[in-house]
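# Descriptive analysis of the structure
Spelled out, the chains give:
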Amino acid sequence: MSRIIDGKLFAQRLREFIGQQVAIIKTEHGVVPGLATILVGQNPASEVYVRNKARQTVEAGMASFKHTLDATISQAELLGLIAELNANEDVHGILVQLPLPAHISAERVINAIDPRKDVDGFHVSNVGMLGTGQPAMLPCTPLGCMMLLREQFGSLTGKNALVVGRSNIVGKPMAQLLLADDCTVTIAHRYSENLEEHCRRADILVMAVGKPQMIPGTWIKPGATVIDVGINRIERNGKPTLVGDVDFTSASEVAGAITPVPGGVGPMTIACLLLNTLTAFCRSKGMPEPANSGLELVNGIGVIQEFKKAS
Ligand code: NAD
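What counts, and where the lines are drawn
Residues numbered from 1 in each chain as written. Predicted model: local features only at pLDDT ≥ 70, side-chain atom pairs only at ≥ 80, totals over all residues. Heavy atoms only, no water. Near = heavy atom within 4 Å. Polar contact = N/O pair within 3.5 Å; in protein donor to acceptor, adjacent residues only side chain to side chain. Areas by Shrake-Rupley, 256 points an atom, 1.4 Å probe, with all protein chains shown as cover. Helix = DSSP H or I, 4+ residues; strand = E, 2+ residues; numbered from the N terminus. Nonpolar A, V, L, I, M, F, W, Y, C, P; charged D, E, K, R; others polar. 1 Å grid on protein atoms, 1.4 Å probe; cavity = no way out; pocket = protein on both sides within 12 Å on 5 of 7 lines; lining within 4 Å. Points joined across faces, edges and corners; volume = space filled by probe spheres on them. Domains from an automatic or database assignment. Contact = heavy atoms within 4.5 Å. Core = buried A, V, L, I, M, F, W, Y, C linked by side-chain atoms within 4.5 Å. Buried < 20%, exposed > 50% of the residue type's maximum accessible area, 1.4 Å probe, protein only.

Moving on, we come to the site of the ligand. As a matter of local geometry, the ligand sits amid 20 residues, with Arg166, Ser167, Arg190, Ile231 and Thr269 nearest to it. Contacts to the ligand include arginine 166, whose backbone N or O atom sits 2.8 Å from an oxygen atom. Interatomic distance of 3.1 Å between a backbone N/O atom of arginine 190 and an oxygen atom of the ligand. Protein contact buries 75% of the 860 Å² of open area that the ligand shows by itself. Per element, the largest residue contribution to the shell around the ligand is three residues, and it comes from helix 10 (residues 265-285). Grouping the amino acids of the shell around the ligand by side-chain chemistry returns nine nonpolar, eight polar and three charged.

Space inside the second largest pocket adds up to approximately 420 Å³. Considering the residues around the second largest pocket, the lining is formed by 18 residues, among which Phe122, His123, Val127, Asn168 and Ile169 are closest to the centre. Secondary structure elements with two or more residues in the lining of the second largest pocket: helix 4 (106-110), helix 5 (124-131) and helix 7 (171-180). Here the lining of the second largest pocket takes four residues from helix 5, the largest share from any one element. Class assignment of the residues belonging to the lining of the second largest pocket gives a composition of 10 nonpolar, six polar and two charged.

Moving on: the domain arrangement of the protein. A common measure of how large an interface is: the accessible area buried when the components associate. With domains assigned, the protein is organised as domain 1 (29-116) and domain 2 (140-266). Look at where the C-alpha atoms of domain 1 and domain 2 centre, and you get two points 29 Å apart.

Turning our attention to unusual backbone geometry. Cis geometry marks the peptide bond from leucine 98 to proline 99, where omega comes out at 5 degrees. Structurally, proline 99 is set in the loop between strand 4 (93-96) and helix 4. Each neighbour pair has its own omega, and for valine 261 with proline 262 the value is 0 degrees, a cis peptide bond. Structurally, the position occupied by proline 262 is in the loop between strand 11 (257-258) and helix 10.

Along the chain, asparagine 126 turns up in helix 5. Between the C-alpha atom of asparagine 126 and that of arginine 116, which follows or precedes it by 10 residues, the distance is 8.7 Å. When neighbours within four sequence positions are excluded, asparagine 126 is seen to be in contact with Pro115, Asp118, Gly121, Ala136 and Met137. There is a polar contact of 3.1 Å between the side chain of asparagine 126 and the backbone oxygen of proline 115.

Ile18, Leu178 and Ile227 are the most contacted members of the largest nonpolar core, which has 51 residues in total. Of all the secondary-structure elements, those providing two or more residues to this core are helix 1 (7-29), helix 6 (140-153), strand 5 (160-164), helix 7, strand 7 (204-207) and helix 10. When residues are assigned to domains, this core turns out to be shared by domain 1 (29-116) and domain 2 (140-266), each giving three or more. Setting aside anything within four residues of it in sequence, one finds isoleucine 18 in contact with Ala60, Met62, Ala271, Leu274, Leu275 and Leu278. Core analysis: the second largest hydrophobic core is formed by 18 residues, Ile38, Leu78, Ile82 and Ile94 among them.

This is the structure we're talking about:
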């Protein structure tokens, strides 16, 4: 039976750590980091995500600036708001919840955010900096996955890692982070052949596809670490249930360690958004960035420092 990687607990400790750092900054400097969220339209899932992000921002002692805009807002108006937030000294992070309505270019909007405030790490300059080993804002979900892996392994050097999925928000940056951490990285996608063979070779399997339980336990290398990013809603016994891209029951018989869905990667994403906001604040003020404070479970925070040094 696998070790279950408790992302919920890790995320809670990370948020506590961030809250402590914010409290120290507030006492010493009288200011707090601020995160602006922008939600356009009324997508119910997006509303839940933004509400949770704003609530956890406030719980960590930071300022939350919520902007809820009508679906009919023009691209020019949205770009105007982003320009205002870029110039606002109380705002250190800007998050535009995706997807955006079809008449607005997500690419145009994301690239209008000041890269220093791009706490999602999606701006093209942060993507380029990650790819070239410079101190980027790292995308939240892959950063959370890396923390869980770091906690599991310490060093990832030389591991065979397979990332299934090549989206800009999860698969590609995940592969970049694993590569920067000295793994041998394979990226699989919808046109890949022999996925089973690739899976069998992987010491680390990161699934980011969005297909319920597509990987059975029999495909997994015994003792491998499985990070399941997928979030899929299915019906089980007539009840709506969340499952990952991996068949958890059979996989947990074979894997050495595995993240559950829910309670694995999901909670790490918001915690890393808060961490990125704190990091953006510290960079804007020329303060030392959050680093490993000695708390065993936040060792992963060192990831940020490691990538600054990467060449
Ligand atoms: P996406 O739809 O943008 O990308 C899916 C990728 O899967 C594509 O690159 C595609 O080539 C690949 N793919 C599709 N079918 C495949 C197959 N049969 N074999 C191999 N590869 C295949 O999705 P995304 O935004 O990267 O999200 C992926 C999943 O992760 C979704 O379930 C999403 O809900 C979840 N997600 C979770 C979090 C979190 O916080 N836990 C964050 C982001 C996304």
